[in-house]
There are 4 protein chains.
Amino acid sequence: MNTFGMILRLSAFGESHGAALGGVLDGFPAGVPVDTDLLRADLRNRRPGQALTGSGRQEQDDIEILSGVFQGKSLGTPIGFIIRNQDARGADYAGLEHLFRPGHADDTYRHKYGIRDWRGGGRASARETAVRVAGGAFAKMLLGMQQVKVHAYTQSIGPVSIPGSVRVDAEQARRFVSRCPHQDTDEAMQQLLGKMRERQDSIGGTVACEVTGLPAGWGEPVYDKLSARLAYAMMGINASRGFEIGQGFAASRMEGSEHNDRWRADGTTEQNLCGGVRGGISTGEPLYFRVAFKPIPSIGQEQRLLGEDGALHEMKIGGRHDVCCVPRAVAVVEAMAALCLADFMLLARSSKA
Amino acid sequence: MNTFGMILRLSAFGESHGAALGGVLDGFPAGVPVDTDLLRADLRNRRPGQALTGSGRQEQDDIEILSGVFQGKSLGTPIGFIIRNQDARGADYAGLEHLFRPGHADDTYRHKYGIRDWRGGGRASARETAVRVAGGAFAKMLLGMQQVKVHAYTQSIGPVSIPGSVRVDAEQARRFVSRCPHQDTDEAMQQLLGKMRERQDSIGGTVACEVTGLPAGWGEPVYDKLSARLAYAMMGINASRGFEIGQGFAASRMEGSEHNDRWRADGTTEQNLCGGVRGGISTGEPLYFRVAFKPIPSIGQEQRLLGEDGALHEMKIGGRHDVCCVPRAVAVVEAMAALCLADFMLLARSSKA
Amino acid sequence: MNTFGMILRLSAFGESHGAALGGVLDGFPAGVPVDTDLLRADLRNRRPGQALTGSGRQEQDDIEILSGVFQGKSLGTPIGFIIRNQDARGADYAGLEHLFRPGHADDTYRHKYGIRDWRGGGRASARETAVRVAGGAFAKMLLGMQQVKVHAYTQSIGPVSIPGSVRVDAEQARRFVSRCPHQDTDEAMQQLLGKMRERQDSIGGTVACEVTGLPAGWGEPVYDKLSARLAYAMMGINASRGFEIGQGFAASRMEGSEHNDRWRADGTTEQNLCGGVRGGISTGEPLYFRVAFKPIPSIGQEQRLLGEDGALHEMKIGGRHDVCCVPRAVAVVEAMAALCLADFMLLARSSKA
Amino acid sequence: MNTFGMILRLSAFGESHGAALGGVLDGFPAGVPVDTDLLRADLRNRRPGQALTGSGRQEQDDIEILSGVFQGKSLGTPIGFIIRNQDARGADYAGLEHLFRPGHADDTYRHKYGIRDWRGGGRASARETAVRVAGGAFAKMLLGMQQVKVHAYTQSIGPVSIPGSVRVDAEQARRFVSRCPHQDTDEAMQQLLGKMRERQDSIGGTVACEVTGLPAGWGEPVYDKLSARLAYAMMGINASRGFEIGQGFAASRMEGSEHNDRWRADGTTEQNLCGGVRGGISTGEPLYFRVAFKPIPSIGQEQRLLGEDGALHEMKIGGRHDVCCVPRAVAVVEAMAALCLADFMLLARSSKA
């Protein structure tokens, strides 16, 4: 269940404070030029200016590709890779072996498995998302051959949001600390993040994602709608709590005469209110969706912990953590969208005889 | 890709105006008493009082179980079943063979497959959800053996919503025409639906779902989080546009100190803000989530259609259709949640050695 | 686990004496002309002249296609179909409710599921192979578009085998009662089957299969070798006990200098000793393999049965059964090979970028 | 397609002369004590006394476990591991970049992927089986908790075979150079292998495998019969050409009255002719099967190679290779059987309600 994808499959492993993270990307077609600059840039994009996001752990995320690439091209065989944990400090978590932190998955892992790696959340830590980003970078190389582009950006952090009237250039997001490609909003977000850090608190936010260049006809009719697989991909990211595509929840308050996309003579629609997906299949117009993230549960304030023995403990928890996951999540949303779409790209090759 | 589930798998088939719909439910354990009353009641729940929802097609949804059940119990072998289309009128769609309706999947199917069944949307029609409800009824029989209960209800239709201060009894939903278990809201919804019908328009809405009796420890850590699979299940339902769990999008505006569930001495939390899932795994507290549905694109007003030849046509489209999919969707949300959970119930048996 | 295939997937259901058998064929590309003559001919091929094969049950195997086909072509959506059991006589098995027959799966089903359908073996009966043949016929329609042809035939029944020096025309097999396309051998087989019937005994045999027109490059490197998936497909057929490809077991006694296929200038080999598969991937030369079937365990002689209570019973078992499964198995081997190959045909579309 | 298993899944990667091999073992239950001695012993078992098997490459197969194990026990999360290629000498293959060797997969990979890693066969090399053995060792740890034991041994090499009258102790196989647990036969095999090496030739053979302690009720009825999945597992091993279970091909020459297992009062059978599987499900009696391997195509004699340009070249091929794969294959057969069975062990937990 640590495998994502139908034809293009990423099988991942790794605990936060174990030896390494890694993955096997299988089903990746042969002959794709491997762009290691893109790969490294995407991994960097997951490590935003820590000055503002927190006192977090510093990992270089040096990736080692172990197979599946030969003389600069993909072989068609599985691409195995690892990313060593170099700044792991499991000892930071000493004393938490038998305690469940609030808002974390400590108790649920214990219930599920009977035992758990209590060092920084183990497999539940967002540290594993580095593997997703690596896998997503390969997916982008494949999508790029068909001019499909995936760009995510921070849309809101707490109450600070890009004004509705502003149209942003998603492609520029990674130039901003908050990953919000609107200067004023980025500055306001940085200010908010600074304030949260002072208060030893954390905060949630939303990530928006746009896909352009998508041809019509990707996606499956019933359970594996493009929108359903995207929701699955997004809600599988740590701390995500909501997903919407096109008009999303706003569509639930609209009337049919208002929501029905109005055809243009060239076959596109006037407003693309459906967000690029009708009946679960891509329309050929840009795809857009939004993901909500809750605040990171790790905060510096005194909190209540639950002992495995049922006792309650009021205490401050050590360790290093971000103030907000959203700027990092931008790279992860992009990666998961790319993996999801590249999978449909391959699947679409079997639609017709 | 018409199969839902990992261990418990429903493989479905059927076009709206073809001979029949049906499915194969595989991986269903042996020895479960088959409750045909529950099965029929759930299929009925998908057919709310048509007086208000529309001038829609009338299908009895008589189900025939063809295998997998013997002397009142499941055999462990696949349960095959069919539901004949008895009120199909493909001829209603004559004249639409080469036209794409607005808001429908006519064009996307054409792009994907090259050909399409133009009678009432073919496989894209919500007619196929009868199979989901049948599969979900079996899943409920299995969940029922562990006292897990799944109840969905209409939370809002257009602007009419259950007041935030009201606590409803989800179990009573099916007694109300709108499937909203709050008398005043149900009445307001019926009125709104009547108004929409008069205006030959349609309207969207949201469905809420609650699961009780869920043990802690169901769900998988990374890609197959309980929340991710639920989102996948819900966003695979026709016309769904958004999903949120726990505090959902509201969580994106909250701070960690506010959102972190506060432990009680008995191991539960004070507010269950996480909605019964932490780190993708069930906590043992009630699960709750919400799904947004767009307005049905079929409306009686004159609209613009796109010809396969690129010409635009302003016309009224015939056929029979509901004014709002939400009252019907309640049964489908319930079914998909049950299928998703029963799958995790079986998967949980492999968590420990 | 009643689903066969990776991209092209057949999900099957049905007990021997239940209401019907059926299946859902998903992943079948759109636009394939549906050849119902081929479909019916293949189902007929599974019902060889009963005069010789036994006093067996007579089923017409009338198939009803319920979805996925429109105006004579595949829609790309799942093809649902059922075959009613019309000559079922569950009552023949009265008295066997609590007894385990020798050589049958009565006891293993009981151990696995706790309960079982004791009427004619339930799901363990070869009756289910009608569904495989139907699915295989569709696979052949797809393969036929690329000129790939699959032909199986009876190679031996008991000690009677096609002489090693004889080259047969596999395509003619269905014109012979035994499905052995060599007149003299067919006659000897018929005689042997007659003798076995007189003695109220049964007998095993082998089926050979040839595939021509196969392009090079189908199959996967490691676990999903073409040879591995074929073995899986064949060993999943009732009563199969062995599989070999190319030189098979004889290769285990050969030397490398003898077994290595010797290249010809045109890129083919002098002997095709590898049977059309090297490293798990098709070479473009004809594929051939062989399957061994045990004798049918149902015989008319007095035998020992085991009671669920542990008591032993010496008795004759009623019911209708064939003397040898091999003539029928020819159609099933062909169907499973076709399903397996059509799956690889689609998968091969993703090998390159 | 480089993933093996349904619930317990091994996803593997690695080329023969790339940086490393490795795998991700997912679905492995939590709480299993990890026996690294067993793991290393099994990897050693795949490296038999090279004095006799060939002048082969020397790899230590040092394995590094990167995740999924904590404080000596499995966590339930995926077990990632790598094995570095330390004695790789890709340069040995210089000059073969554009040539297809006889009996190898050079041409088929080229056809499938367009490009290939020509260093020692790339992914087609048996080097990848080290990953299978590692995965299989974990599977054995799980099976061991239920006293299920898997033991393979060399049954024949070329014409030298264990005499039919001899009963061997499979558990002792790894004490013999040839992995044949019968002293006289082992000696004859060593002699034969020496002779083959002198002649610069190679030779095939067969591996037998026995499983004891298996409970009744593992396996699935139709496509995923225990015998079918075992065949799939075995035929996926490099150089395998045939599989048989129970009486195998001999069963095709038997009569029902002879082959039907005769019940004993205690519920076992007199001869276990079915080899521990009836109707695809384990009977609780010992399982046994046999796998045929062709001779290794790499030999030192002058052979004919085919150029990508169509030209034929008579030449000797360098590189280091074994004389016979069978002694090594014993460990691989054992591993694949263990992976297959452990998967069914977990799947069996879902048979009943």
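Fair warning: this is a prediction, and the values are worked out from it, not measured in the lab. (Residues numbered from 1 in each chain as written. Chains lettered and ligands numbered in written order. Predicted model: local features only at pLDDT ≥ 70, side-chain atom pairs only at ≥ 80, totals over all residues. Heavy atoms only, no water.)

1. Concerning the overall build of chain A
When helices and strands are counted, chain A shows eight helices and 17 strands. Taken over the C-alpha trace, chain A has a radius of gyration of 21 Å; the compact-globule value for 353 residues is 20 Å, and the two agree within 12%. Referenced to the eigenvectors of the C-alpha coordinate spread, the extents of chain A come out at roughly 65 × 50 × 35 Å. Looking at the 353 residues of chain A, the share that counts as buried comes to 69%. About 10,800 Å² of surface is accessible on chain A, with carbon and sulfur atoms providing 46% of the total. Within chain A, the 40 negative side-chain charges are centred at a point lying 2 Å from the centre of the 41 positive side-chain charges. (Helix = DSSP H or I, 4+ residues; strand = E, 2+ residues; numbered from the N terminus. Rg over C-alpha atoms; globule rule 2.2 N^0.38 Å. Buried < 20%, exposed > 50% of the residue type's maximum accessible area, 1.4 Å probe, protein only. Areas by Shrake-Rupley, 256 points an atom, 1.4 Å probe, with all protein chains shown as cover. Lys, Arg positive; Asp, Glu negative; His and termini not counted. Charge placed at Lys NZ, Arg CZ, Asp CG, Glu CD.)

2. With respect to the sheet that holds strand S2 (residues 9–13) of chain D
Pairing between the strands of a sheet is mediated by backbone hydrogen bonds and can be parallel or antiparallel. Residue and element names in this part refer to chain D. Pairing in this open sheet of five strands is antiparallel, and the strands run S1-S2-S3-S7-S4 from one edge to the other. Of all the strands in the sheet, just strand S1 (3–4) and strand S4 (63–65) have a single pairing partner and so form its edges. Two elements, S4 and strand S7 (residues 79–84), share three bridges in a ladder whose sense is antiparallel. For Glu64, the partnering residue across the bridge sits in S7 and is Ile82. (Pairing = 2+ DSSP bridges.)

3. Digging into the pattern of salt bridges
Side-chain pairs of opposite charge can arise whenever the charged atoms involved come near each other. Counted according to the given criterion, the structure contains 106 salt bridges over all chains. B:Glu308 is the salt-bridge partner of B:Arg116, the closest N and O atoms lying 4.0 Å from each other. Placement of B:Arg116 in the loop between helix H3 (106–113) and helix H4 (129–144) and of B:Glu308 in the loop between strand S16 (302–307) and strand S17 (312–316) is noted, with a sequence separation of 192 residues between them. Relative accessible area serves as the criterion here: at 9%, B:Arg116 is assigned to the buried category. B:Glu308 gets classed as partly exposed once you look at its relative accessible area, which sits at 32%. Among the ionic pairs, D:Arg199 bridges to C:Glu255, the shortest N-O distance being 2.4 Å. (Salt bridge = Lys/Arg side-chain N within 4 Å of Asp/Glu carboxyl O.)

4. Some thoughts on the pairing of strand S15 (residues 287–293) of chain B
Residues and elements named next belong to chain B. The buried fraction of S15 is high, at five of seven residues. The sheet contact formed by strand S11 (residues 205–212) and S15 spans seven bridges and is antiparallel. For Cys209, the partnering residue across the bridge sits in S15 and is Phe289. Sheet analysis places strand S12 (residues 240–245) next to S15, joined by five bridges and oriented antiparallel. Opposite Ile245, over in S15, you have Phe289 as the bridge partner.

5. Examining the side chain of C:Ser67
Relative to the elements of secondary structure, C:Ser67 occurs in the loop between strand S4 (63–65) and strand S5 (69–70). Reaching out from C:Ser67, the side chain makes a polar contact with the backbone oxygen of C:Pro78 at a distance of 2.8 Å. Residue contacts for C:Ser67: discarding those within four places in its chain leaves B:Phe13, B:Gly14, B:Glu15, B:Ala20, C:Pro78, C:Ile79 and C:Gly80. (Polar contact = N/O pair within 3.5 Å; in protein donor to acceptor, adjacent residues only side chain to side chain. Contact = heavy atoms within 4.5 Å.)

6. Here we look at the relation of the copies chain A and chain D
Superposition of chain A onto chain D requires a rotation of 180° combined with a translation of 0.0 Å along the rotation axis, giving an RMSD of 0.0 Å. In the structure described here, the two chain copies are related by an operation that fits a two-fold rotation axis. When the interface residues of chain A are mapped onto chain D, 100% of them again lie at the interface, so the same face is used by both copies. (Least-squares fit on C-alpha atoms with pLDDT ≥ 70 in both.)

7. Description of unusual backbone geometry
Although it is not a glycine, B:Gln200 adopts a positive phi angle of roughly 55°. The residue B:Gln200 is located in the loop between helix H5 (183–198) and S11 in this model. Phi is positive for C:Asn272, which is not a glycine, with a value near 50°. Here C:Asn272 is to be found in the loop between helix H7 (256–259) and strand S13 (277–278).

8. Describing the relation of the copies chain A and chain B
Mapping chain A onto chain B calls for a rotation angle of 180° and an axial translation of 0.0 Å; the resulting RMSD is 0.0 Å. Take the interface residues of chain A: 100% of them recur as interface residues in chain B, which is what a same-surface contact looks like.

9. Here's the deal with the interface of chain A and chain D
Each partner contributes to the interface: chain A provides 38 residues, whereas chain D provides 38 residues. Ranking the residues of chain A by area buried against chain D places A:Phe13, A:Leu66 and A:Phe70 at the top, with a combined share of 19%. Taken together, the connections running from chain A to chain D amount to two salt bridges. Salt-bridge contacts for A:Arg84 lead to D:Glu64; the nearest nitrogen and oxygen are separated by 2.8 Å. If you look at where chain A meets chain D, you find eleven residue pairs in polar contact (both at pLDDT 80 or more). Looking at the side of chain A that touches chain D, the element that brings in the most residues is strand S2 (residues 9–13) of chain A, giving four residues. Here the side of chain A that touches chain D is composed, by residue class, of 16 nonpolar, twelve polar and ten charged. (Buried area = accessible area lost by both parts, 1.4 Å probe. Nonpolar A, V, L, I, M, F, W, Y, C, P; charged D, E, K, R; others polar.)

10. A short note on the sheet that holds strand S7 (residues 79–84) of chain C
Ordered by their spatial adjacency, five strands build an open sheet running S1-S2-S3-S7-S4 (chain C), and the pairing between neighbours is antiparallel. If you trace the sheet from one side to the other, it starts and ends with strand S1 (3–4) and S4 of chain C, each paired once.

11. Some details on the interface of chain A and chain B
Contact residues are listed per partner, giving 104 residues for chain A and 104 residues for chain B. Regarding the contact of chain A and chain B, the summed buried area is about 8,100 Å², with carbon and sulfur atoms giving 58% of it. In terms of surface lost to chain B, no three residues of chain A exceed A:Tyr223, A:Arg241 and A:Trp263, which account for 13% of the buried area on that side. If you look at where chain A meets chain B, you find eight salt bridges. Residues A:Lys112 and B:Glu220 are paired through a salt bridge, measuring 3.0 Å at the closest nitrogen-oxygen approach. Of the residues contributing to the side of chain A that touches chain B, the split by class is 44 nonpolar, 34 polar and 26 charged. The pairing of strand S12 (residues 240–245) of chain A with S12(B) spans three bridges and is classified as antiparallel. Residue A:Glu244 lies in a different strand from S12(B), and its bridge partner there is B:Gly242.

12. Observations concerning the nonpolar core
If you look at the biggest cluster of nonpolar residues, it comprises 360 residues, and the most contacted ones within it are A:Met234, B:Met234, C:Met234 and D:Met234. The contact partners of C:Met234, leaving out residues within four places of it in the chain, are C:Ser240, C:Phe243, C:Phe289, C:Val291, C:Val333, C:Met336 and C:Ala337. (Core = buried A, V, L, I, M, F, W, Y, C linked by side-chain atoms within 4.5 Å.)

13. Side note on the environment of A:Phe293
Mapped onto the elements, A:Phe293 comes out in strand S15 (residues 287–293). Considered as a pair, A:Phe293 and A:Ala239 are 54 residues apart in the sequence and their alpha carbons are 5.4 Å apart.

14. Digging into the packing of helix H6 (residues 226–235) of chain B against helix H9 (residues 326–347) of chain B
All names here are of chain B. Contact geometry of H6 with H9 gives a least axis separation of 9 Å together with a crossing angle of 145°. When the axes of H6 and H9 are compared, the crossing they make is right-handed. Counted together, Leu226, Arg229, Leu230, Ala233 and Met234 of H6 and Val333, Met336, Ala337, Cys340, Leu341, Asp343 and Phe344 of H9 form the full contact between these two elements. Looking at the contact of H6 with H9 residue by residue, the class counts come to ten nonpolar, no polar and two charged. (Axes fitted to C-alpha atoms, helices over the stretch in contact; angles between N-to-C directions. Left-handed = near helix turned anticlockwise from the far one by under 90°.)

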